[in-house]
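Spelled out, the chains give:
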Amino acid sequence: MNEAEIVDKILRQIAKTDFSATAENNQAISLFETTIRYLGGLLSAYDLLSGPFKHLVKEPRLRDTLLEKAQILANSLSIAFDTPSGVPDDEIIFNPKPRQVGNPDNSITCIGTLVLEWTRLSDLTGNLTYAALAQRAQAHLLHPKPEGFRLPGLVGTYVRLNDGAFEDYQAGWGGGSDSYYEYLIKMYAYDPVSFVEYKDSWVAAAESSMKYLASHPTTRTDLTFLGEFRGNSTVPMSSHLASVCGGSFILGGLLLQNQTFVDFGLELSKSYYEVYRQSPSGIGPEEFRWVDDHQELTKAAANRPPPKKWRSFYETSGYWPTNGEFILRPETIESLYHAYRATGDQQWQAWAWEAFETLNLRTRVEGGFSGLHNVMTKPHGDKDVQRIDKMESFWLAETLKYLYLIFADDAEYQVRSDGRMKYVFTTEAHPLRIRHK
């Protein structure tokens, strides 16, 4: 926002923050969440304040402190990778004694959504250890074991720390998996020469998703969602988290200049936004289901009809909720952003503005914005709203940022329709400068 005074205030706060300890002793923190929110935020601020926003820096020393703090944080987090396989324990404790919590396994989201930030840190500091740790963990996902039945490119969800082997075969774009696939193509954006294997894995996953996971509701065959694969069947279920798939397909299509991926991503983005438009509150629920039209991998047992309560709603909407919460998530808006940047079609801006006005109406409270317990009822007054008393950092970092960027002028950190990006957004929407050639 070009607010130099606020930037200076933030930099001074970061300079006096101890990133090697938690406020309370024996407090477990997530390697994944700390990486994408704190480490990614520090690195992105450094990249932006060294580039297009360097005019906002009053004291270069304070900008350099961002990189110093990022290293202190990563050094403390690195104990998570000290396992036999190199697959990290997602939960660690900083103080009084640094240690892992001791989980036996980890999800591909928490393993596979580190590599962009940790590789960028190595590039900025010259210390190759950070990239090596994250890329060693990632290798278990690129080359999954044990071998056996898999939809090409789509891996399971949980990996053992002792040997890096998968424990299950649950595949899809929902929680536990989503940002792993997102990072495959984003690493290719970061350096298309060094990470061509990541691109190949993403293409295989994308093609499998189009063939095996794409699903149309019986009552709204005009909609396309991505289901989840469980055991031996596609299950017609999806989530707000999974709606990132539209943006990922669009981004991959732009980077590869592959219109088939772009068009499929636009179809997904429109469909997942329709979930918002059909919801009584105008906001999509956390999780939902439908009855699959005719996906050959969907077994009858997995294709159950809606509960009686939701039958008439399903007739017109093409889905019914299984979890009506909304915690200010960004993924549906993120896909609208990519759709607009790819096409320039103002319809996507109109939908984004529609979403913003609804979000502002429903979630704004004194002092911030709140999550909602149930978006599947239309409140008749503020007293009818059951609020979740929490505002996640991704509301500011992602949801509002993508809404802003849909309407902002072109800039070097924006996604480009010709695929020639200068920055790549992390999963938390922190722009990182791509590797210089």
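First things first, this report covers the structure right here in the doc. (Residues numbered from 1 in each chain as written. Predicted model: local features only at pLDDT ≥ 70, side-chain atom pairs only at ≥ 80, totals over all residues. Heavy atoms only, no water.)

## Points about the packing of helix 8 (residues 196-213) against helix 9 (residues 244-256)
Taken N-terminus to C-terminus, the directions of helix 8 and helix 9 make an angle of 130°; their axes are 11 Å apart at the nearest point. With respect to helix 9, the element helix 8 is oriented oblique. Handedness of the helix 8/helix 9 crossing: left-handed. Between helix 8 and helix 9, the contacting residues are Lys199, Trp202, Val203, Ala206, Ser209 and Met210 on the first element and Ser248, Phe249, Gly252, Gly253 and Leu256 on the second. Across the contact of helix 8 with helix 9, the residue classes break down as six nonpolar, four polar and one charged. (Axes fitted to C-alpha atoms, helices over the stretch in contact; angles between N-to-C directions. Helix = DSSP H or I, 4+ residues; strand = E, 2+ residues; numbered from the N terminus. Parallel < 35°, antiparallel > 145°, perpendicular 65-115°, else oblique. Left-handed = near helix turned anticlockwise from the far one by under 90°. Contact = heavy atoms within 4.5 Å. Nonpolar A, V, L, I, M, F, W, Y, C, P; charged D, E, K, R; others polar.)

## Some remarks on empty space enclosed by the protein
Under the defined criterion, the tally for this structure stands at three cavities of 30 Å³ or more. In this structure, the largest cavity encloses a volume near 70 Å³. Looking at the largest cavity, the residues that line it are Lys186, Ala189, Leu251, His338, Tyr402, Val415, Met421, Tyr423, Val424 and Phe425. Of all the elements in the fold, those that place two or more residues in the lining of the largest cavity are helix 7 (178-190) and strand 18 (423-425). Per-element accounting of the lining of the largest cavity gives the leading share, three residues, to strand 18. Counted by class, the lining of the largest cavity contains eight nonpolar, one polar and one charged residues. Its boundaries defined by the atoms lining it, the second largest cavity holds a volume of some 50 Å³. Forming the walls of the second largest cavity are Glu182, Ile185, Lys186, Val244, Gly247, Ser248, Leu251, Glu334 and His338. When residues of the lining of the second largest cavity are traced back to their parent elements, those giving at least two are helix 7, helix 9 and helix 12 (331-343). (1 Å grid on protein atoms, 1.4 Å probe; cavity = no way out; pocket = protein on both sides within 12 Å on 5 of 7 lines; lining within 4 Å. Points joined across faces, edges and corners; volume = space filled by probe spheres on them.)

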